[in-house]
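# Analysis of the macromolecular model
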Amino acid sequence: MSGPRPVPVTVPELLKMKQRGEKIAVLTAYDHPTARILDSAGADVLLVGDSLGMVVLGYESTLPVTMEEMLHHTRAVARGATRSLVVGDMPYLSYQVSVRDAVRNAGRFVQEAGARAVKVEGGRNRTRVIRAILDAEIPVMGHVGLTPQSVHRFGGYRVQGRDAAAGQAVLEDALAVEEAGAFSVVLEGIPSELASMITERLTIPTIGIGAGPECDGQVLVIHDLLGLSPEPVPTFVRRYAEIGASIREACSRFVADVRGGTFPSEKESYHLKPEALSELESKLDPGRRRWKS
Ligand code: KIV
């Protein structure tokens, strides 16, 4: 069934959603079939996160993810999204080495992969990069708090901003990102009271993950939400389905059916027309299993 083409979500529309007090629903996506489903489910933003590395590619952190891997998956997502705004997550070292690299790589997300915005991690240390990417007409989403590309500096995936000084640092990062021109900012792994203060002070939408309910929007990694990532999952994850268990159950039935010879059935097979069958049989030498000459 195909209805009217949905109106695509735009960057200005996300800002208006904050002004109207409407919550923004963001999901990560890494492939075409999932992007189509999440788009039709009403996700406002599809973030092709560098979490790709951990949930899809089996890396231990997001640090090994390359530009080529991100572009490959962003293309697939962009082909599946008709309404959601597709945001490409800039991987480690694609924007930290030089501003020139950052602009070039952000441009590749738009020009080669069909993203309509990019995301970069960091706050006060990232304002030059954000401004330069914006100068190339590419909207930027910021990301502060528990930024996974800083895992080694943090000494693990630890909640950030837990005391007054650390909280103030996260707030200053978020303000700097807004001041540099970002159209929204992800607040990851921070106390909800701090997220609430930041959300009140910013005019751009805050998108929370492990940052409590007061943010302007929420994002979850799709594999966590669907029960596709292994337990234990972080405290902030809500499992809306157990797709991993369903996949395992379905596939073990397939394995049993193949082993038991019950798959495929007659109905699941193609058949020759009777005349073609007898003609072929008459040509086959029964004893030698080859064609009669
Ligand atoms: O990489 C990612 O998926 C992210 C979100 C969790 C915000 O950065």
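Everything below is about the structure shown above.
What comes next is a walk through the structure. Predicted model only: the values in this text are computed from it and were never measured.

Of all five residues in strand β3 (residues 85-89), five are buried; the element is thus mostly enclosed. Across the two faces of β3 the burial is the same, with L85, V87 and D89 and V86 and G88 all buried. Pairing between strand β2 (residues 45-48) and β3: four bridges, direction parallel. In the sheet register, V48 faces β3, and the bridge partner there is G88. In terms of strand pairing, β3 meets strand β4 (residues 117-119) through three bridges, oriented parallel. Within the sheet, the bridge partner assigned to G88 lies in β4 and is V118. At this point the chain moves from β3, through helix α5 (residues 99-111), to the parallel β4, and the crossover so formed is right-handed.

With that settled, the discussion passes to the pattern of salt bridges. Scanning the entire structure with this criterion turns up 13 salt bridges. Between E13 and R20 there is a salt bridge, with the nearest N and O atoms lying 2.7 Å from each other. On the basis of relative accessible area, E13 is assigned to the partly exposed category, the value being 25%. The exposure class assigned to R20 is partly exposed, which follows from its relative accessible area of 45%. For E112, the salt bridge identified is with R108, shortest N-O distance 2.8 Å. Overall, the relative accessible area of 34% leaves E112 in the partly exposed class. Judged by its relative accessible area of 19%, R108 is buried. Taken together, the shared-partner salt bridges in this structure form one network comprising E68, R75, R108 and E112.

So, how was this worked out
Residues numbered from 1 in each chain as written. Predicted model: local features only at pLDDT ≥ 70, side-chain atom pairs only at ≥ 80, totals over all residues. Heavy atoms only, no water. Buried < 20%, exposed > 50% of the residue type's maximum accessible area, 1.4 Å probe, protein only. Helix = DSSP H or I, 4+ residues; strand = E, 2+ residues; numbered from the N terminus. Pairing = 2+ DSSP bridges. Right-handed = clockwise from strand over helix to strand, strands pointing away. Salt bridge = Lys/Arg side-chain N within 4 Å of Asp/Glu carboxyl O.

By themselves, these figures tell us nothing about what the structure is for.
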